[in-house]
Amino acid sequence: MFSLVRGSVCAHLARRHAHSIPSFTHLNAVTHDDLAHFAKILPPNAILSTLPPNLNSADDLVPYNVDWMGKYHGQATTVLRPRTTQQVSDIVKFCASRRIGIVPQCGNTGLVGGSISLQKEIVLSLGAMNSVRSFDPVSGVLAADAGCILESLSDYIARYNHIMPLDLGAKGSCQIGGNISTNAGGLRFLRYGSLHGTVLGLEVVLPDGTVLDQLSTLRKDNTGYDLKQLFIGAEGTLGVITGVSILTPPAPRASNNIFLALPHFKNVLPLFQTVKRQLGEILSAFEYIDRTAYDMGLEHGLGPILNPDEVGDAQCFVLAETSGGNHDHDSEKLNNLLESLMSADEPLIYTGTLSQSPGQFASLWALREGLTECLQKEGKPYKYDLSVPLAEFQNVVDAVRARLISKGLYGDHGITKVMGYGHVGDGNLHLNAIAKYGYRPELEAALEPFIYELVASHKGSVSAEHGIGSMKTSALRYSKNDVSIEWMRKIKHVFDPLNIMNPGKVLPSV
Ligand code: FAD
Ligand code: MLT
Ligand code: ZN
């Protein structure tokens, strides 16, 4: 779907991050002796290290040390690629005894710097643990290693006419263990809900090396605390997920989509209500794209989707999808919807198109899914993944743009574009500000904490689905009160008293 951003360590960025990260005086760097121990657990090709005797080049470690955006540059000297849960357990046990920090990593597509080492922690890459363990076509329960790529799992169960309950633009690279560790939302959330509901069981290597086997395939299990829930969205701070069991729904018999151009943002809410009323249970996605994002998509070849004359000065766009049991019935419903929208006395839309073929269906989705990559091509995006009331989506984007203008930071020399897109159905706005010529401290200072304060004023969340990682540890307090953070710390201490597991992520340093 996309390529990994490669590049050498940017000294400027490394310096900037060095100011904001805690110093891990409690942790040790990997030594020659440690490598010799790892060599007793893993075969030589599963150990990458810039230290002797391996002497890999720093470039060999770039795929593990640089995140997808090219924003976070890690310091790991050593990457370990186990194939079995036992190997993970042995590695973690040894790291605990030696006080070596561990960054669990799956597809390294996270957008908040959670999968990158901050100092000299090892990267524990799960990518070689990539087997399907079992699939039951009757219950739809899939059990798989954490390192299975999301798209490979989709392909695997497609032969049984099932689909994964989550889908995202990064599906070709992200892995199920990473999805669960970030509690990823994505494009099917409206229909199938959160991973907190669809994940049935997990196998986790705890920070002392113990294997916690909760790989249940039961839908109902009311026997006390549901421990697995703690690891969903823990971003690798409580343990390493090695195995997963997840409920997969039957593939819908028919999927259709429509793409609509709206004159004003204020029409989005009444449109959402109308669409929900008319489509009922077959509505499976309702996605929002503002005009700036739409134009950016077209500039990068993701269109044209609609006739430009009919689009006119449309302020925003909506992509709605249906998933149902009967293609003709569903497309008739969509046709009726489109007709009633177009023929209303005061139409909520300027124009719209209904996909007529699988190719068209895919190209409507491609525009929405491709935006994240387009941003990368435009420059360096500051990405904010917010929960705010639907009615505020446009106001929030406008307020950020106005702030940058007032500070003289809007334009070629600073932020060139501010835009919003996201999952309307879930109240999740993706606000993006592009720095054409790279990340700069004064740009970040203009955006933060301004955006987080704005979100807090709406009682929203500073992270709807991407997580906290290292990017938002200081922003956590805008969405969680002191008591909540204190209990998060206590939970972290219970599982990881030595603070070796993804240190410096999620919780702000004290
Ligand atoms: P990684 O990036 O490797 O890791 C993410 C975090 O999980 C890190 O903190 C890491 O330490 C931890 N972790 C990884 N593996 C394990 C493990 N086995 N055990 C414990 N901890 C672990 N997110 C959404 O929610 N919705 C979207 O629609 C969406 N779209 C995206 C589109 C694109 C193009 C991209 C690049 C990203 C998108 N994301 C989206 C971000 C998203 O969080 C991820 O892509 C995905 O869930 C991360 O999976 P990963 O395998 O790459 O994890
Ligand atoms: C999306 O919905 O496209 C993803 O969460 C990624 C992004 O925010 O760009
Ligand atoms: Zn998203």
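In this text the structure is predicted, and so the values were computed from the model without any measurement.

## Quick word on the UniProt feature "domain: FAD-binding PCMH-type" (unreviewed entry) in the chain
UniProt feature "domain: FAD-binding PCMH-type" (unreviewed entry): in the numbering of this structure it lies at residues 72–251. Helix makes up 23% of residues 72–251 and strand 22%. Its end C-alpha atoms lie 37 Å apart.

## Describing the coordination of the zinc ion (ligand 3)
Geometry sets the ideal angles at a metal, namely 109.5 degrees for four tetrahedral donors and 90 or 180 degrees for six octahedral donors. Taken together, H423 (NE2), H430 (NE2) and E465 (OE) make up the full set of protein donors to the zinc ion (ligand 3), lying 1.9 to 2.1 Å away. When the donors of the zinc ion (ligand 3) are listed by position in the chain, the intervening gaps give H-x6-H-x34-E. With relative accessibility at 5%, the residue H430 sits in the buried group.

## Details of the sheet that holds strand β6 (residues 141–145)
Taking strand neighbours across the sheet as the criterion, the five strands line up as β5-β6-β9-β7-β8 in an open arrangement whose pairing is antiparallel. Of all the strands in the sheet, just β5 (132–136) and β8 (211–214) have a single pairing partner and so form its edges. Sheet twist, expressed as the average angle between the axes of neighbouring strands with direction ignored, equals 10°. With four bridges connecting them, strand β7 (residues 199–205) and β8 associate as antiparallel partners. The residue of β8 that forms the bridge with V204 is L212.

## Examining helix α5 (residues 150–158)
Turning to α5, its buried residues number three or more, namely L150, L153 and I157. Burial along α5 is one-sided: seen end-on, the buried residues are contained in an arc of 60°. At its buried positions, α5 is contacted by β5, β6 and α6 (176–182).

What counts, and where the lines are drawn
- Residues numbered from 1 in each chain as written.
- Chains lettered and ligands numbered in written order.
- Predicted model: local features only at pLDDT ≥ 70, side-chain atom pairs only at ≥ 80, totals over all residues.
- Heavy atoms only, no water.
- UniProt positions renumbered as here; feature names shortened; annotations may be inferred.
- Helix = DSSP H or I, 4+ residues; strand = E, 2+ residues; numbered from the N terminus.
- Donors = N, O, S within 2.8 Å, 3.2 Å for Na, K, Ca; no water.
- Buried < 20%, exposed > 50% of the residue type's maximum accessible area, 1.4 Å probe, protein only.
- Pairing = 2+ DSSP bridges.
- Axes fitted to C-alpha atoms, helices over the stretch in contact; angles between N-to-C directions.
- Arc of directions from axis to C-beta.
- Contact = heavy atoms within 4.5 Å.

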